[in-house]
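Examination of the molecular architecture
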Amino acid sequence: MNIDNQIEQLRNIIRQHEYQYYVLDDPKVPDAEYDKLMQQLRDLEQQNPDLITPESPTQRVGGVALSQFSTVRHEMPMLSLDNIFDEDGLIAFDKRIRERITVPSVNLEYCCELKLDGLAVSILYENGNFVRAATRGDGNVGEDITENVKTIKSIPLKLTGDDIPSRLEVRGEVFMTHQAFEKLNHDAEKNHEKIFANPRNAAAGSLRQLDPRVTAKRSLSFYCYGVGIFEGAPLPNTHYGRLMQFKHWGIPVSEHVKIVTGVDAVLDYFHNIENQRMSLGFDIDGVVIKINQIELQQQLGFVARAPRWAIAFKFPAQEQITQLLKVDFQV
Ligand code: NAD
């Protein structure tokens, strides 16, 4: 098979997996297998850059808004993250950043966070009041899930404190704890209803319900990890400072967010979280490393589907909680 056909065939398989995962919340292969296919495609495209097209899965944020929901156009795109899988990847990420920034620092300050395995959500507050929530969708257009997100009890409907921007878009992950997931599937089995493959799919399926009363019965959790637009008041000039400010206003932020300096300290954080992974009570699939200074983030900017100033450092693949049916898509 020539290289054009090989790349196109790989893209078609990936697109079908993305449809199952993002649109139907019903993946047919484990994430590690999808990641492997994406890596193969990235490698082939890197060797043949003239064959890269804007429609390639490597150039887009996966996902699409279901037509049953009203849509929300994100004022600032909701991007994905690039991945690394080992120490060499981390060293290369750190090096790439130092080569780009104008004030090279010997040891860069990184904000390290859990990579929560759920669903990205944008929540807009106006004058401190919760007014709208949306899914990431394709990064530009998401689904309006305002009423569903309002049923998540840990998310404040009103922020309290001083100097809250008049418009503030908080971004974070909605996820399901293991305990809530087990209860949901236990009840579903009793009632002969759909059994979810894993907590991520259960969270996505619960949030993208047309009837918010169904969402209200599901136990969902939320941690904030970032910000979209804000107007009317400044925010702290570091990523960590912003998260702590949000926490102060009542928004849930994970206690595992940590500032570290230099690559060795990032590695320590990664291994430390990897050791605690099984006792967290919810799924994570790695850690996320972000440049802490907002000014440096702005200098670094974005590529097609991800910021240059952040990277997902993924854990090695592990057995899924529920064994997924292995299917081969026909192309
Ligand atoms: P991603 O999960 O690789 O990375 C971006 C997402 O990470 C963000 O949108 C956000 O939701 C999330 N995130 C969690 N914690 C975060 C934090 N602290 N800071 C910032 N973001 C954080 O995103 P993706 O592009 O949606 O998709 C790839 C993931 O989905 C991979 O894990 C892949 O294996 C899986 N996937 C699986 C299949 C399948 O068939 N099994 C298909 C498509 C995608």
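The protein has the name DNA ligase in an unreviewed UniProt entry, where Frischella perrara is given as its organism.

Another aspect to go through is the pairing of strand S3 (residues 109-116). Counting buried positions along S3 yields seven of eight residues, so the element is predominantly enclosed. Pairing of S3 with strand S10 (residues 284-291) involves six bridges; the strand directions are antiparallel. Its bridge partner lying in S10, Cys-112 is registered against Ile-289.

Moving on: the side chain of Thr-146. Within the secondary structure, Thr-146 is located in helix H4 (residues 146-149). Of the polar contacts made by the side chain of Thr-146, one reaches the backbone nitrogen of Ala-133; its length is 3.2 Å. Setting aside chain neighbours within four positions, we find Thr-146 in contact with Phe-130, Val-131, Arg-132 and Ala-133.

Quick look at the sheet that holds strand S11 (residues 310-314) now. Within the open sheet, the five strands sit side by side as S2-S11-S10-S3-S9. Their pairing is mixed. Because the sheet does not close on itself, it has two edges, and the strands there are strand S2 (83-84) and strand S9 (258-261). Contacting S3, S9, S10 and S11, helix H9 (residues 263-276) runs over the sheet at an angle of about 20 degrees to S3.

The next subject is a negative patch on the surface. A cluster of acidic residues, Asp-86, Glu-87, Asp-88, Asp-264 and Asp-268, forms a negative patch on the protein surface. Of all elements in the fold, only helix H3 (87-100) and H9 reach the threshold of two or more residues within the negative patch. Inspection of the secondary structure puts Asp-268 in helix H9.

The next thing to look at is the sheet that holds strand S4 (residues 119-126). Within a sheet, each strand pairs with its neighbour through backbone hydrogen bonds, oriented either parallel or antiparallel. Taken in spatial order, the four strands of this open sheet run S5-S4-S7-S8, and their pairing is antiparallel. Of all strands in the sheet, those bounded by a partner on one side alone are strand S5 (129-135) and strand S8 (221-231). With direction set aside, neighbouring strand axes in the sheet form an average angle of 25 degrees. The pairing of S4 with strand S7 (residues 167-175) spans eight bridges and is classified as antiparallel. The residue bridging Ser-122 from the neighbouring strand is Arg-171, located in S7. Taken strand by strand, helix H6 (residues 199-207) contacts S4 and S7, and its axis lies near 40 degrees from that of S4. Sheet strands touched by helix H8 (residues 239-248): S7 and S8. Its angle to S8, the strand with the most contacts, is close to 110 degrees.

Next up on the list: the UniProt feature "active site" (unreviewed entry) in the protein. Taken from the UniProt record, the annotation "active site" (unreviewed entry) applies to Lys-115. Along the chain, Lys-115 turns up in strand S3. A relative accessible area of 17% places Lys-115 in the buried class. With residues near it in sequence (within four places) discarded, Lys-115 still touches Leu-81, Ile-284, Asp-285, Gly-286, Val-287, Val-288, Ala-312 and Lys-314.

Next up on the list: empty space enclosed by the protein. One water molecule sets the probe size; rolling that probe over the atoms shows where empty space is left. For the coordinates displayed, the defined rule picks out two cavities of 30 Å³ or more. Considering only enclosed or pocket space, the largest cavity measures out at about 50 Å³ in volume. Forming the walls of the largest cavity are Glu-113, Leu-114, Leu-116, Tyr-223, Cys-224, Tyr-225, Ser-254 and Val-257. If you list the elements that add at least two residues to the lining of the largest cavity, you get S3 and S8. Residues belonging to the lining of the largest cavity are distributed by class as follows: six nonpolar, one polar and one charged. Residues belonging to the lining of the second largest cavity are distributed by class as follows: two nonpolar, two polar and three charged.

Around the ligand, the structure places 25 residues, and the nearest of them are Tyr-22, Ser-80, Lys-115, Arg-136 and Glu-173. Between an oxygen atom of the ligand and a side-chain N or O atom of Tyr-21, the distance comes to 3.2 Å. Residue Asp-35 places a side-chain N or O atom 2.8 Å away from an oxygen atom belonging to the ligand. A total of 830 Å² of accessible area belongs to the ligand in isolation, and the protein chains cover 94% of it. Elements that contribute at least two residues to the shell around the ligand include exactly helix H1 (3-23), helix H2 (31-47), S3 and S10. With four residues, S3 is the largest single contributor of residues to the shell around the ligand. By residue class, the composition of the shell around the ligand is 13 nonpolar, two polar and ten charged.

Criteria and thresholds
- Residues numbered from 1 in each chain as written.
- Predicted model: local features only at pLDDT ≥ 70, side-chain atom pairs only at ≥ 80, totals over all residues.
- Heavy atoms only, no water.
- Buried < 20%, exposed > 50% of the residue type's maximum accessible area, 1.4 Å probe, protein only.
- Helix = DSSP H or I, 4+ residues; strand = E, 2+ residues; numbered from the N terminus.
- Pairing = 2+ DSSP bridges.
- Polar contact = N/O pair within 3.5 Å; in protein donor to acceptor, adjacent residues only side chain to side chain.
- Contact = heavy atoms within 4.5 Å.
- Axes fitted to C-alpha atoms, helices over the stretch in contact; angles between N-to-C directions.
- Patch = residues over 30% accessible without salt bridge, like charges linked within 9 Å, V, L, I, M, F, W, Y side chains within 5 Å.
- Areas by Shrake-Rupley, 256 points an atom, 1.4 Å probe, with all protein chains shown as cover.
- Salt bridge = Lys/Arg side-chain N within 4 Å of Asp/Glu carboxyl O.
- Lys, Arg positive; Asp, Glu negative; His and termini not counted.
- Charge placed at Lys NZ, Arg CZ, Asp CG, Glu CD.
- UniProt positions renumbered as here; feature names shortened; annotations may be inferred.
- 1 Å grid on protein atoms, 1.4 Å probe; cavity = no way out; pocket = protein on both sides within 12 Å on 5 of 7 lines; lining within 4 Å.
- Points joined across faces, edges and corners; volume = space filled by probe spheres on them.
- Nonpolar A, V, L, I, M, F, W, Y, C, P; charged D, E, K, R; others polar.
- Near = heavy atom within 4 Å.

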